[in-house]
Every structure is written in C-alpha cells, then in structure tokens.
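A structural walkthrough
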Amino acid sequence: MKKRKRRKNVGVLFLLPSLVGILIFYILPFGVTIYYSLIQNPIQKQFTGAANYAALVKNEAFLIAFQNTSIFLVLSIPLTLVAALLLALLFEKDLYGRSKLQAAILSPMVVPAVSVVLVWRAVFERNGMLSQLLEWIGFAGIDWLHSRYGMLVLVILFLWKNTGYQMILFLAGLGSIPVEIIEIAKTEGASGAQLFFKVKLRYLSPTFFFVVLMSVIQSFRIFREGYVLTGDHPSRAMYLLQHFMNNTFHTLDYQKMSAAAMVLCLFMMAVLGILYAVERWAGKDLE
Amino acid sequence: MKRFCSLLAMLLTVVLLLSGCSFGRKQTEGPGTQGEGNVSGDTYGDETVFQTSLFYFDSWDFMISTWAVYDSEIYVLRMDAGSYCIVVCNEKGEPVRRIDLPALKSEIARVFCGMFVDDAMQIWTISSEPTDNPNEATTYGLYCFSQEGELLLKQNLNEIIVDGDPWNFLDFVVGQGLFFLNYYGEENGIAVLSEKGEYLGNIRTGTGDPGRILKDRAGNLYYANTDQEKVVLYEIDADSFSLSQQARMLPPVSIKWIQPGLDSDFLAATGDGIYELSLDSEEATPAVDFESEGINSTIRGFYTTGDNTVLLVTFGFAANGNVQLVSLSKVPVSQAKEKKKLTLVTLSADPALYQQVLTFNQKSEDYRIQVKEYFVNDGVANVETAVESAVTQLNADLAAGVAGDLIDLESLSTMASVRAYVKKGVLENLDGYLEGQEQEWISNLRSALEIDGELYQMVPSFYLRTVAGRTSIVGERQGWSLEDYNRMRAEYPELKPFSYGTKQEALYYALMYNQKEWIDWESAECFFDTDSFAGYLEFADQFPDQSEYEELPPYWNNAEEIYNGDVLLYDADRVDIGMYDIRRIQGVMGEQITWIGFPVEEGVGVVFDPVINLGVLSSSDQKEAAGEFIRYFLSDEFQKSQTGAFPVREQILYENMEQIRKDNPGSMDGWGSGTIDMSFGDIQEDQVESVQKLLQNASQTNQTDSVIVDIMQEEAAYYFAGERSAAEAAQRIQDRVSLYLKEQN
C-alpha cells in the first residue's frame, strides 16, 4: 500500500514538467487573453466588461472574417471528408499501383508550405497557368487570388494538403470494422450500398468524429498558406479570422484580438460540443 | 502526498537558491545603463562621484587648434589675425589673458600635436611648416614660448628623426622630466627629449599600426598597443631607451582619449562616457555618461588637474556654435544632486533630437533623459528585417507599458501609425501638459496633428514640403489639380516633369499630399475606387521604374538639368524660414518661382514636415517630468532659436521671419553645384509673402500609414507591369484598404 502510494507520488513528479509547461504556455496565456478581452487596454487596465465584445460584433472586418471562416469550414470540411472517404474506399480494394498512389496523395503533407505556396501562386495568379488555360479554351482569365473565387483557392489548397491524411485515418477505421459483421451482412444478401451505409458507415462513426475534429483543427492552420499566398491584408474573399487577429496583434489592439480569440474559442467549443453529441448519438448502439 | 509536498518544497528551495546566486554577480554595463536613482556621473562602489559643470568657450570650433591645462588655467591655442595666439581661460572658460605667438604664422604653420605648459610656465608645442615645393620636405619643429609669447626655442625635429620619413606625430607627452614624442612612419618610435628640448635618444616601437603613450596616476609612462581588441601596455624605460618586456593589460573598452586617473590608474574616454581603469583588476568602471550629463560625445580631449577635477573640451556644439567646456569634479555622494531619469524611446535617434536631449540634460537640475534606441545599424546584414524586428520589439514594450516615458514619433513616421498608438492608449493627451501654450500654435498645424480632436504629438518645429515651378509656366497661384498638371505636361511634352523619382515614389507622394481626401479615419472609409485616383496611378506610371541614379544623389546634384530648363518642376522638400530654399530654387530655375504644390484633389499640395515629433507615453509614471521636456520645446529660448525650421508658436514664427528678413543673413549666402555658382542676394518681400501663404495653405503632415502605402504599392505594381488596368488596381486598393480601415475602427 505504502509502495503504491510512493509510486503514485513519483508519477506525479514525472508529470510535473509537463504540467508546469501546460500551465505556463496554455493555461496562463488563456487567462491573460480572457483578462485582456475585458479591459480597455493593457496600459490603463481599466475594466470595461463586455465593451470589447460589443465593439467586436459591430466591427465590419471581424464580421467579414467570421463569415469567411465559417464559409471555409462549411465548404472544406465536408469536401475533405467525402474525398478522403472515397479514396479510402478505393484503396481498400486491391488496386493496381495502390501503394504508389497512396504515397502520391500523402506527399503534400511533407512538402514545406512556403514552397507549395509559390507553386500555387504560379497556378492561380492573374497570368498564372489556370488563367492561361481558361483563356486558351476561350474563357476570360480570372485573377483567382484577388477575386470572389479566392475562397475556392483556399479550399482547393486545403483539400490538396489534407485529404491524404484523412484518407489514412479512414483506411484505419475501415480496417478496424469486424470482418465477421461484414461477412454476416454479405451472407444475408446486403447490397454494396447497404453494406456501406448500414454497416461500414455506422462502424466508422468514431473515425468520422476524429476526422472532423482533425479537419477543424487543420482548417485553422490553413492561415499559414493563405498568409504566404496573399499577405496580411488579402482581398475580402480570402480574409479569415486569423488575418484579423494577426493584424490586430500587429497594431497593438490586444483587446480586439483577445475578444476575437475568445469568440473563436466559444465557436470552436460549440462546434466540438455538437460533434460530441452527434458522435454519442451515432455510436450508442455500437459494441 | 506529504512526501511529495516536501519534495516540491525542496525543489523550489533549490530553484530559489540558484536564482539567488545571480544577485551578487557583477554586471558589466556601459555608463548609459545606470539604474534609476543614481546620481549624476556616478561611480559604483565608491563614495565619491563626478559632479558635472558645463561651460562654453567663446570661440568657434574650427578656430581651436589645441589646448592644455596648467594650474587650473586653460590654455587654448587658436588662429587669429594671421598668426596663432593662446587665450588663457579660467575653469569656467572665461578669457583671462591673451598670449600672441607671432613666431607661428597661421598661413604656414600648423600646430597639430598638442601643447604643454611646464613648471616654469613655458609653453611647448609642435608645429609643421609645409612647403609648396614638392622637392622640399615639410619641416617639423618643437617650439617653446614664454608667457609673453616670446620664442625661447625652436628645435628642428626632421634632423632628430632622420629615418622616419614619411612620419608624423601622435602624442606629445611629458613625464619623468622629459618630453616623449610618439611618431609613426616606415618605422614607429618615440623620440625622447630633455626638458630643454635636447634630443636624447629614440625608442623603436616597431612597424605597422602605431600605439599610443599613456601616463598613469603614479607618473609611469607606457606604450600601449592594441592587439586583437586588447590594449597591451609596455612600460617605457627612458634610461635604456627601451620598452619593458613584461606586458600589462587594460580592460577592453574602446578608448579614444586616456589620462592619468584621480582614484584609479587611468581615466579613459570612449564614445559614450568616461571610465576608470584599473591595471591590477583589468576592470573598467563607468564614471560619467556623456548623454545623461548633456556632454557632446565627440570630445577633443580631457585633462585631470591637481584639484581632483577633470576638464574636458568637446568639438563644436550645435546649440550655439560654441565649444563646450566640461568640468567634472569629484564630490562625496551626499553632496551630489540626484536627478530623476527619464527614458526617451526611439527607433533611431535623429541628431537634431539628440542635440536637444543633451541641451535639456545640461539645463535641467532635476531630470536627465536617457535615449533608448531600438535600432542601431552596427553592420547588420539585412537592415529592413532588423528595423522590422526593432519596431516589433518597441511595439511589444509599448503595449506592455515598459518602454519608457517619452517617444520619438518622428523616427517611426514611416513604420508605425500614431493613430494606432492613440487608439490603444499608448500616448498621453498633451493638452494637459502644455499649460495652454498649445493655443499659441499655428492653428493649421495643430489641426493637422490632432487625432479625434485631441493633441498627442509635440512638433516644436517643422519645414514645409511642396513642389515649385517657374511662374512663367505654372502661373502665380498656389495649388492645382491633376487635370491642370496634365494640361501643362501636354504643353511641354519634351520636358521631364521632375528631375528624378520612380513610379513608386510618385505614388507615395500622391498619397502623402492627398490622404485627407482619400482616407477618412473617423468613419473608416476610403475613396480609392474613383476615376481621380486611377488618374494618379496613370500619373505615377509616367515616371521610370527604377531610379536613374544607382545611389540617391546628394542634395541637388541634379540641379543642372533644372538650370538648363529641361525639367518643369522641383520637389522642394525643405522650405525653410530662412528663405534659403526659395532663393536657391529661384537661382536654379533662373526666374521667379511659384509654390504651385503637388497636384491634389483639394487645396494646395503642401505638407508639414516635422523636425522633431514627440509623445508622452501613458504608461510613464513620470509624466510631469516628461511634460517638462515637452514644454522646453515651447519655451521662448528654443522657439526663438529656430532660424532654419519654422517654430510652432505662431507669433514667434512671424517675429523670426521678420527678423530674418531684416537681418538678411542670406545676403552673403550662395550655392553651387557642378557648373552652377550663384550668390543669393537679399530676401525679397514677395519671397516672404509666398512662404507665408504656403504656410497658411498647409493642412496636413507628411505622416503616412505604412500598411496603406504597402497595399497601394503592391497593387499598383500590377498596373505598372501592365497586368491590370488602372481602374482594376484602384478597385483592389479600395477593397484592401477599406478592410484595413475597418479593422482599425
């Protein structure tokens, strides 16, 4: 009993560096962000209640950024899910050159973002490859990065970069479905569609949850590519919440930035809460 | 759990103990990094400190050749009326008597290597007598004069140092009853002379970079060699005419002048202050910080006197043109007056501001200002990145409220937005600190500086920036539109509009002069998506992509093409109260000129160009003291001293203008470049009137927002490259700038 207690204490000691790290680098900054969002500025430190939030929701730039970010999430996450799942189903079969294709699809993950962006700029600029192609087939060229199609570029970039990773997750999920269940379904005459929708999809629900979670996280990391692609003040269509926060940080507007970060945090919590609820509902009758 | 807690407590104790180890660690700091509350000119760990007193010699910098101190009298050797003379001054720099030296004709003689007064009060110096005949060598002589100026001795040094050609002298030091002349040439050496100037022998000191002779407090003489940033000392043995084999080291400080110490072995002056050097510990202790004490850091030497005082003479001091004499006396700490320290933060200090900081530090009995520069160009590879990092650091410190007390906004004028600082509560409203003097400001400058109806920037003086044209071409009115400009261009298609400037620069100026029409900060709206702005893009497109000059030309070196009539307009970037610029431009343009201004949508294309722009930081806990510095710039003394830039107080401005017109100081002025050589003539009434009218027409400053400039340049580049139409580029700029403004709102 004494030995167990001592081992427990030693375990806590080993955890201590991580706990201190989390406290210093996550918990404290989070607390400071909340504090900053409630004061007039860090110099006078005058408590203003929800005034920063009220100002934020009236700020047009924030509203544009919030709207664009939401559109990006709504477009990119389902598209990634569908594309990754389809690819996973494809590669589940014994396809010719499967491993090479898988490697090709996964390769964007290992390519440095900055070099990728240079290529993408060459593709999507006013006189880029895509515009020239359009002009060649008789359409007008499009300045993708500075037009209302800007969001499309970001979505394509997101898909290109992340579909491979999500596909691997789905492949793992598909591989973990009990073979007996599939055998039974086939024996009982289930069609391919029935097998997919009634069996595989049901058993993939935990994987779905995880993939959506990862996609949401990755979608917020697309800012890096977007930033390198168009700078800190892009066209209206490509202006995301991270642009807003990054720019307000640069102009010392920590209050606006902190309030925006808190709103984003609440938004994320709401999204995750919904995801958890759906996952719990979908997985309640699974073994 | 109990065990865990005790373990944690042990761990914390160890951490605290380890951190405590650094408390006693000796800090190596420059004299400028003394902590708050230190007294003026402190020394660490001692009970005495240097007390600074500042005086001036009534003499212009270039007149002084050399100086020496004997028995608390200062001997200043200067040229006057064809020959050298010595003005003997007291410790306050006041002339006591004059010694003429007719033997040293200033037309031929050049005193260059110091002066010494011996115990018999004989004055010794070295002078050269260069010759126009290339076959004849310059004559170098050691001279000795009586207190009446009678030549007592002239020793030809060329005969003494026969194999030292070409050679020169570095030091003229007296010690152990002998003279030591440190010279360099093909072979370096020290010539030793008796107290009567008789040559006794030579000490060879090697070849290559010569060293210097130093004398310590005990009177020992050393030859100092700089070897890989260390100063190595060899004692001079005058008996055997040799250097000791045993070397001693000096602390690694960048020594410019060195003298025997008062309490230490040596006192050394560097670029930022005076240090006490110890040979035993090889340590340098900060003793006097030039900046804090208001001492011009470019000094021409110092002496220690018998009564525990250091006398120091600077090079010309811009405040009144006179040479500064500094007396540093050692006093007990209890007698030294404590000055409160204020920190002025700047990206990079402008010399004009720095001079004012020195002047304030001299005058103020209660405060001293320390300048904290965030960017120092000490040979960084990528200046742009280094400046950006410096601005980021400065902004972080500002936001955290730890930057200082005052801020030099002029140094940040192209890198940061004053408006953003105001919105974030970084700057203090100055109205409360100016004691109503802001009401005396030129009203249009005040309006131009106001943000949301309040004043956060202190601009004590300014120039005007505008565009000048020949009256015969542009007419007599001030102000014109882009359409007017285009009409004039069409009339003179063969002439260049401006002498130089690129597309990017032209667009930048268009923004600078038109920003009031294009940007409304209050409503966070902008108006770039107009035909008018597209017109400015087309205007900028007429300029070359790259500058015609690989390096920015020196001021006005392109004047000849204007003088020849090949250029229509002139970018007058420094219209001054002294009417210097208007007369020079008239001279170059060869006729009457009009301040037509940059083509603008509304009003006249003229902007205020602040010389100094200061703000008080709201995080400062010494705002009253900061306010004193701010008020200093509005004092009659400062405002009336402005003869180049326009002072901000309206009444003094017009008084100064009138005084300048009456005095006509420019009537003796002239200007030349290349084949142009002109003298200005008197200031004319119409010239004064035109400058006054220009002043009244100015309504904005030259401050631009760097983000907006970047967006404009970025989008315009596509237009300049032919990838977009002007209207498309204008629309893009509108789109992005409007988002930026909304972000700021």
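Each chain carries its own residue numbering, running from 1 in the written order of its sequence. Chain letters and ligand numbers both follow the written order, the letters beginning at A and the numbers at 1. Totals for whole chains, interfaces and linings use all residues, but because this is a predicted model, local features are given only for residues with pLDDT of at least 70 and pairs of side-chain atoms are given and counted only at 80 or more. Computation of side-chain values: all heavy atoms of the structure, hydrogens and water removed.

**Notes on the overall build of chain B**
Using the following cut-off: Strands are runs of DSSP state E lasting at least 2 residues, helices are runs of H or I lasting at least 4, and numbering of each runs from the N terminus. To sort residues, take the accessible area from a 1.4 Å probe on protein chains only and compare it with the maximum for the residue type: under 20% means buried, over 50% means exposed, and anything in between is partly exposed. Residue-level accessible areas treat just the shown protein chains as cover; the underlying method is Shrake-Rupley with a 1.4 Å probe.
Assigned secondary structure in chain B consists of 19 helices and 37 strands. Going through the 745 residues of chain B one by one, you find that 53% of them count as buried. Surface summary for chain B: the accessible area is close to 32,600 Å², and the carbon and sulfur share equals 46%.

**Topic: the overall build of chain A**
Heads up, the rule is: The quantity called the radius of gyration is restricted to C-alpha atoms. Its globule counterpart is 2.2 Å times the number of residues to the power 0.38. In this description, contact between two residues means that some pair of their heavy atoms is separated by no more than 4.5 Å. The positive count covers Lys and Arg only, the negative count covers Asp and Glu only, and His and the chain ends enter neither. In this description, the location of a charge corresponds to atom NZ of lysine, CZ of arginine, CG of aspartate or CD of glutamate.
If you tally the helices and strands in chain A, you get twelve helices and zero strands. Along chain A, helices and strands appear, N-terminal first, in the series α-α-α-α-α-α-α-α-α-α-α-α. For 287 residues, the compact-globule estimate of 2.2 N^0.38 gives 19 Å, and the C-alpha radius of gyration of chain A, at 24 Å, exceeds that figure by more than 25%. Dimensions of chain A, computed from the C-alpha atoms along their principal axes, are close to 80 × 75 × 30 Å. The 287 residues of chain A split such that 41% are buried. Within chain A, contacts between residues separated by at least 24 positions form 67% of all contacts whose residues are at least 6 apart in sequence. Per element, the accessible surface of chain A, about 16,200 Å² overall, is 69% carbon and sulfur. When the 26 basic and 15 acidic side-chain charges of chain A are each reduced to a single mean position, those positions are 13 Å apart.

**Structural notes on the sheet that holds strand β13 (residues 199-206) of chain B**
All names here are of chain B. Note the cut-off: When DSSP finds two or more bridges between a pair of strands, those strands are recorded as paired. In this analysis an axis means a line fitted to C-alpha atoms, helices contributing only their contacting stretch, and an angle means the value between N-to-C directions, from 0 to 180 degrees.
The strand order across the open sheet built from four strands is β10-β11-β12-β13, with neighbouring strands paired in antiparallel fashion. Because the sheet does not close on itself, it has two edges, and the strands there are β10 (168-175) and β13. In this sheet, neighbouring strand axes are inclined to one another by 20 degrees on average, regardless of whether the strands run parallel or antiparallel.

**Observations regarding the sheet that holds strand β19 (residues 266-269) of chain B**
Residue and element names in this part refer to chain B. Spatially, the four strands line up as an open sheet ordered β18-β19-β20-β21, and their pairing is antiparallel. Whereas interior strands pair on both sides, the edge strands pair on one side only; in this sheet they are β18 (257-260) and β21 (284-289). Here the strands of the sheet are splayed against their neighbours by 25 degrees on average, with no regard to which way each runs. Relative to strand β20 (residues 273-277), β19 runs antiparallel, the two being bridged by four bridges. By the bridge assignment, leucine 267 is partnered in β20 with glutamate 276.

**Regarding the pattern of salt bridges**
The test is simple: By convention in these notes, a salt bridge is any Lys or Arg side-chain nitrogen within 4 Å of a carboxyl oxygen on Asp or Glu.
Summed over all chains, the structure comprises 33 salt bridges over all chains. Residue A:Glu225 is joined to A:Arg224 by a salt bridge in which the shortest nitrogen-to-oxygen separation is 3.4 Å. Overall, the relative accessible area of 2% leaves A:Glu225 in the buried class. Taking relative accessible area as the criterion, A:Arg224 reaches 46% and is therefore assigned partly exposed. Across the pair B:Asp484 and B:Arg477 runs a salt bridge, and its minimum N-O distance is 3.4 Å. Here B:Arg477 falls in the partly exposed class, since its relative accessible area comes to 40%. A single salt-bridge network, built from bridges that share partners, covers A:Asp143, B:Glu714, B:Glu715, B:Arg724, B:Arg732 and B:Arg736.

**Some words on the interface of chain B and chain A**
To keep it simple, the criterion reads: By buried area we mean how much accessible surface two parts lose on assembly, using a 1.4 Å probe and totalling the loss over both. Whenever a nitrogen or oxygen atom comes within 3.5 Å of another N or O atom, the pair is scored as a polar contact, on the condition that within protein one atom can donate a hydrogen and the other can accept it, and that pairs from neighbouring residues in sequence are kept only if both atoms are in side chains.
Tallying the contact residues gives 34 residues for chain B and 33 residues for chain A. Counting each side, the surface lost to burial between chain B and chain A is near 2,900 Å², with a carbon and sulfur contribution of 56%. Seen at the junction of chain B and chain A, the total is five salt bridges. The closest approach of N and O atoms between B:Arg724 and A:Asp143, which form a salt bridge, is 2.9 Å. The tally of links between chain B and chain A comes to 14 residue pairs in polar contact (both at pLDDT 80 or more). Every element with two or more residues in the side of chain B that touches chain A is listed here: α1 (2-20), α5 (383-400), α6 (418-423), α18 (706-720) and α19 (726-744) of chain B. Here the side of chain B that touches chain A takes nine residues from α19(B), the largest share from any one element.

**Remarks on unusual backbone geometry**
Phi is mostly negative for residues that are not glycine, and the peptide bonds are mostly trans. The backbone of B:Glu282 sits at a positive phi, close to 55 degrees, despite the residue not being glycine. Its place among the elements puts B:Glu282 in the loop between β20 and β21.

**Some points on the nonpolar core**
Soluble globular proteins tend to pack their nonpolar side chains together in the buried interior. The line we're drawing: The set of buried Ala, Val, Leu, Ile, Met, Phe, Trp, Tyr and Cys residues whose side-chain atoms join them within 4.5 Å is what this entry labels a nonpolar core.
Counting residues in each nonpolar core, the largest one holds 70 residues, and the members touching the most others are A:Phe244, B:Ile407, B:Tyr421 and B:Leu427. The residues touching A:Phe244, leaving out its near neighbours within four places in the chain, are A:Leu56, A:Asn59, A:Ala61, A:Phe62, A:Ala65, A:Tyr239, A:Lys256, A:Ala260 and B:Glu743.

**Focus: the confidence of the model for chain B**
Any segment with low pLDDT has predicted coordinates that should not be analysed in fine detail. All names here are of chain B. For the record, the criterion: The pLDDT value expresses, per residue, how confident the predictor is, ranging between 0 and 100.
Overall, the predicted model of chain B reaches an average pLDDT of 81, with 86% of residues at or above 70. Here residues 4-46 is a poorly scored stretch, pLDDT under 50, and it has 64 contacts once near neighbours within four places are set aside; other chains count. Taken over the whole predicted complex, pTM reads 0.74, whereas the ipTM for its chain interfaces reads 0.85.

**Thoughts on the packing of aromatic side chains**
One pair of aromatic rings is described through two measures. These are the centre distance and the angle between the planes. Residues and elements named next belong to chain B. Formally: Pairing of aromatic rings covers Phe, Tyr and Trp, the last through its six-membered ring, and needs centres within 6.5 Å; plane angles under 30 degrees mean stacked, over 60 mean edge-to-face, and all others mean tilted. Criterion for a charge above a ring: Arg CZ or Lys NZ at most 6 Å from the ring centre, at most 35 degrees from the ring normal.
A complete count under the given rule lists 43 aromatic pairs over all chains for this structure. With a centroid separation of 4.9 Å and an interplanar angle of 90 degrees, the aromatic rings of tryptophan 518 and phenylalanine 533 are classed as edge-to-face. Of this pair, tryptophan 518 sits in helix α10 (residues 503-518) while phenylalanine 533 sits in helix α11 (residues 531-541), and the two are 15 residues apart along the sequence. On the basis of relative accessible area, tryptophan 518 is assigned to the buried category, the value being 1%. By the ring-pair criterion, three or more aromatic residues cluster together here, those being Trp480, Tyr485, Phe498, Tyr513, Trp518, Phe528, Phe533, Tyr536, Phe539, Phe543 and Phe598. In this structure, lysine 330 is placed above the aromatic ring of phenylalanine 50, and the distance from its NZ or CZ to the ring centre is 4.9 Å. The ring of tyrosine 718 carries the charged tip of arginine 724 above its face, separated from the ring centre by 4.0 Å.

**Points about the packing of helix α4 (residues 98-106) of chain A against helix α7 (residues 150-175) of chain A**
For any two helices packed against each other, the geometry comes down to the angle between their axes and how far apart the axes lie. Residues and elements named next belong to chain A. Spelled out, the test is: Each angle gets one of four labels, with under 35 degrees taken as roughly parallel, over 145 as roughly antiparallel, 65 to 115 as roughly perpendicular, and the rest as oblique. Residues are grouped as follows: Ala, Val, Leu, Ile, Met, Phe, Trp, Tyr, Cys and Pro are nonpolar; Asp, Glu, Lys and Arg are charged; every other residue, Gly included, is polar.
Their axes nearest at 8 Å, the elements α4 and α7 cross at an angle of 130 degrees. When the axis of α4 is compared with that of α7, the two are oblique. Residues Gln102, Ile105 and Leu106 of α4 touch α7, and the partners they reach there are Gly164, Tyr165, Met167, Ile168 and Leu171. Considered class by class, the residues forming the contact of α4 with α7 number six nonpolar, two polar and no charged.

**Quick word on the confidence of the model for chain A**
Residues with a pLDDT of 70 or more make up 98% of chain A, whose mean pLDDT is 87. Ranking the elements of chain A by mean pLDDT puts helix α5 (residues 113-124) of chain A last with 83 and helix α2 (residues 51-58) of chain A first with 93.

**With respect to the environment of B:Glu689**
Residues and elements named next belong to chain B. Residue position: glutamate 689 is located in helix α17 (residues 685-697). Owing to a relative accessible area of 46%, glutamate 689 belongs among the partly exposed residues under this scheme. Separated by 14 residues in sequence, glutamate 689 and glutamine 703 place their C-alpha atoms 26 Å apart.

**What about the side chain of A:Gln255?**
Residue and element names in this part refer to chain A. Relative to the helices and strands, glutamine 255 resides in helix α12 (residues 254-282). Glutamine 255 sits in the buried class, given a relative accessible area of 3%. Not counting chain neighbours up to four residues away, the residues in contact with glutamine 255 comprise Tyr36, Ser37, Ile39, Gln40, Asn41, Pro42 and Asn52.

**Observations concerning the environment of B:Glu373**
Residues and elements named next belong to chain B. Position of glutamate 373 relative to the elements: it lies in strand β26 (residues 367-373). Each C-alpha atom, one on glutamate 373 and one on phenylalanine 179, is 44 Å from the other, the two residues being 194 residues apart in sequence. Among the polar contacts made by the side chain of glutamate 373, one reaches the main-chain amide nitrogen of alanine 349 at a distance of 2.7 Å.

**So, the packing of helix α9 (residues 192-203) of chain A against helix α10 (residues 205-230) of chain A**
Residues and elements named next belong to chain A. Where α9 meets α10, the axes come as close as 4 Å, and the angle between the chain directions of the two elements is 55 degrees. By the angle between their axes, α9 is oblique relative to α10. Between α9 and α10, the contacting residues are Leu201, Arg202 and Tyr203 on the first element and Ser205, Pro206 and Phe208 on the second.

**A word on the pairing of strand β5 (residues 95-105) of chain B**
Residue and element names in this part refer to chain B. Bridge analysis of strand β4 (residues 83-89) against β5 gives seven bridges, and the strand direction is antiparallel. Across the sheet, the residue bridging to cysteine 85 is aspartate 100, located in β5. Where β4 folds back onto β5 in an antiparallel hairpin, the turn is made up of five residues, including glycine 93, whose phi is positive at roughly 85 degrees.

**Structural notes on helix α3 (residues 60-92) of chain A**
Worth spelling out the cut-off: Helix span, as expected, comes to 1.5 Å for every residue beyond the first.
With 33 residues, α3(A) ought to run about 48 Å at 1.5 Å a step, and its terminal C-alpha atoms sit 47 Å apart, in line with that. The distance from a side-chain oxygen at the start of α3(A) to the backbone nitrogen of A:Ala61 is 2.9 Å, and the residue carrying that oxygen is A:Asn59.

**Topic: α19(B)**
For α19(B), with 19 residues, the first-to-last C-alpha span of 27 Å sits near the 27 Å given by 1.5 Å per residue. Extensive coverage of α19(B) is indicated by the burial of 15 of its 19 residues.

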